[in-house]
Amino acid sequence: MKDPIGQAILDFARTGKNKDIIVKSDICDDDVIPSSYLFRSFEEMPLIEQIALKKCTGNVLDVGAAAGIHTSYLKEQELDVRCIDISEKSVEYLKSVGHSAEKTNFFEVEEQKFDTVLMLMNGLGIAGSLSNLDLTLLKAKSLLKENGRIIADSSDIKYLYQDDDGSMLIDLNTEYYGNFKFQMVYDEHISDWFDWLYVDFDKLQLVANKIGLSVEKIYEEDNHYLVEIKMAL
């Protein structure tokens, strides 16, 4: 009962009936994800996702694969893709449609090295907080082949705190304004509250550079940006 995303995926796959997933936050108003959005085609994806997928090469680790739409496109391009998710029901669906999928936490992935580690849908958020971003990037770095890259996105959400005059209304007792807590609700399926990070580009670059990674911003729109992260020369 704590796997709302996975249940939404299974239900839509079986029935085709579109239902809402409610995203609750400790900071802002509730958001809604239609379950059909988890099954969007490449043509229906935002440009930032299309650019990210076209940047992928070689063998790919799709982190937080959900219904596998990114994996499906990459396999159509004849790339070798391994996908992971912490949702048991998502992985059940991924395996049912022929994907190489495993229920595992990103921080527990071992053994295999990848040309591309793909972290989309504000994928850097799995760090949970700014204080854990360095460990998250170090883990991703450990999974890269010599010339591999991390393709990831995040958002600078400081606009949520800006007053009409441009000043920032931020609680100075918090570690960082991009540290969020979320909860997912789908029918009677309710997740635990979980930590999620939205990191601004300058902070990301600072943390990455300290651990021997270089960061290039390759696309940005409406405070949402896409990066390519590589081993620093």
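Predicted, not measured: the structure shown is a model, and the values here were computed from it.

Cut-offs applied
- Residues numbered from 1 in each chain as written.
- Predicted model: local features only at pLDDT ≥ 70, side-chain atom pairs only at ≥ 80, totals over all residues.
- Heavy atoms only, no water.
- Helix = DSSP H or I, 4+ residues; strand = E, 2+ residues; numbered from the N terminus.
- Buried < 20%, exposed > 50% of the residue type's maximum accessible area, 1.4 Å probe, protein only.
- Contact = heavy atoms within 4.5 Å.
- Salt bridge = Lys/Arg side-chain N within 4 Å of Asp/Glu carboxyl O.
- Core = buried A, V, L, I, M, F, W, Y, C linked by side-chain atoms within 4.5 Å.
- Pairing = 2+ DSSP bridges.
- Axes fitted to C-alpha atoms, helices over the stretch in contact; angles between N-to-C directions.
- Nonpolar A, V, L, I, M, F, W, Y, C, P; charged D, E, K, R; others polar.
- Phe/Tyr/Trp six-rings, centres within 6.5 Å; stacked < 30°, edge-to-face > 60°.
- Lys NZ or Arg CZ within 6 Å of the ring centre and 35° of its normal.

A. Structural context of unusual backbone geometry. With a phi close to 50°, Asp187 is a non-glycine residue in the positive phi region. Secondary-structure assignment places Asp187 in the loop between β8 (179-186) and β9 (189-190). Although it is not a glycine, Asp222 adopts a positive phi angle of roughly 50°. For Asp222, the position within the fold is in the loop between β11 (213-221) and β12 (224-231). Among the residues examined, Asp222 registers a relative accessible area of 67% and is labelled exposed.

B. Just helix α3 (residues 69-76), in detail. All buried positions along α3 are accounted for by Ile69, His70, Thr71, Tyr73 and Leu74. Considering only its buried residues, α3 is in contact with α2 (47-55), β3 (59-63), β4 (80-85) and β6 (114-119). Once α3 finishes, Glu78 follows within two positions and takes phi at roughly 70°, a positive value.

C. How the structure looks around the pattern of salt bridges. Following the criterion strictly, the structure yields twelve salt bridges and no others. For Asp195, the salt bridge identified is with Lys181, shortest N-O distance 2.6 Å. With a gap of 14 residues between them, Asp195 in strand β10 (residues 194-197) and Lys181 in strand β8 connect regions that are remote in the sequence. Judged by relative accessible area, which is 42%, Asp195 ranks as partly exposed. Here Lys181 falls in the partly exposed class, since its relative accessible area comes to 38%. For Glu228, the salt bridge is made with Lys230, and the minimal N-O distance between the two is 3.5 Å. Judged by its relative accessible area of 32%, Lys230 is partly exposed. Here the residues in one salt-bridge network are Arg149, Glu228 and Lys230, joined through shared partners.

D. Expanded view of the nonpolar core. With 50 residues, the main nonpolar core has Phe106, Val117, Leu133, Leu137, Val199 and Leu204 as its most contacted residues. Look past the residues within four positions of Val199 in its chain and what remains in contact with it is Leu124, Leu130, Leu133, Ser154, Ser155, Asp156, Tyr176, Leu204 and Tyr225.

E. A look at the sheet that holds β12. Sheet architecture is open: seven strands sit in the order β5-β4-β3-β6-β7-β12-β11, paired in mixed fashion. Unpaired on one side and paired on the other, β5 (100-103) and β11 mark the two borders of the sheet. Averaged over all pairs of adjacent strands, the angle between strand axes in this sheet comes to 20°, irrespective of strand direction. Along the sheet, α2 contacts β6, β7 (144-155), β11 and β12; its crossing angle with β12, the most-contacted strand, is approximately 15°.

F. Up close: the packing of helix α1 (residues 4-15) against helix α4 (residues 88-96). α4 packs onto α1 with a crossing angle of 35° between their chain directions and a minimal axis gap of 6 Å. Contacts between α1 and α4 pair Ile5, Gly6, Gln7, Ile9, Leu10, Ala13 and Arg14 from the former with Lys89, Ser90, Glu92 and Tyr93 from the latter. Classifying every residue of the contact of α1 with α4 gives five nonpolar, three polar and three charged.

G. Seen up close, the packing of aromatic side chains. Inspection of the entire model under this criterion finds eleven aromatic pairs. Consider the rings of Tyr176 and Tyr177, whose centres lie 4.6 Å apart with planes at 40°: the pair is tilted. When sorted by exposure, Tyr176 lands in the same class as Tyr177, which is buried. Aromatic side chains Phe182 and Tyr198 sit 6.2 Å apart centroid to centroid with 85° between the ring planes, which places their arrangement in the edge-to-face category. Here Phe182 is found in strand β8, whereas its partner Tyr198 is found in the loop between β10 and α6 (201-210), with 16 residues between them in sequence. In textbook terms, an aromatic cluster arises when at least three aromatic residues are bridged by ring pairs, as seen for Phe180, Phe182, Phe194, Trp196 and Tyr198. Directly above the ring of Tyr37 sits Arg40, whose terminal nitrogen or CZ lies 3.9 Å from the centroid.

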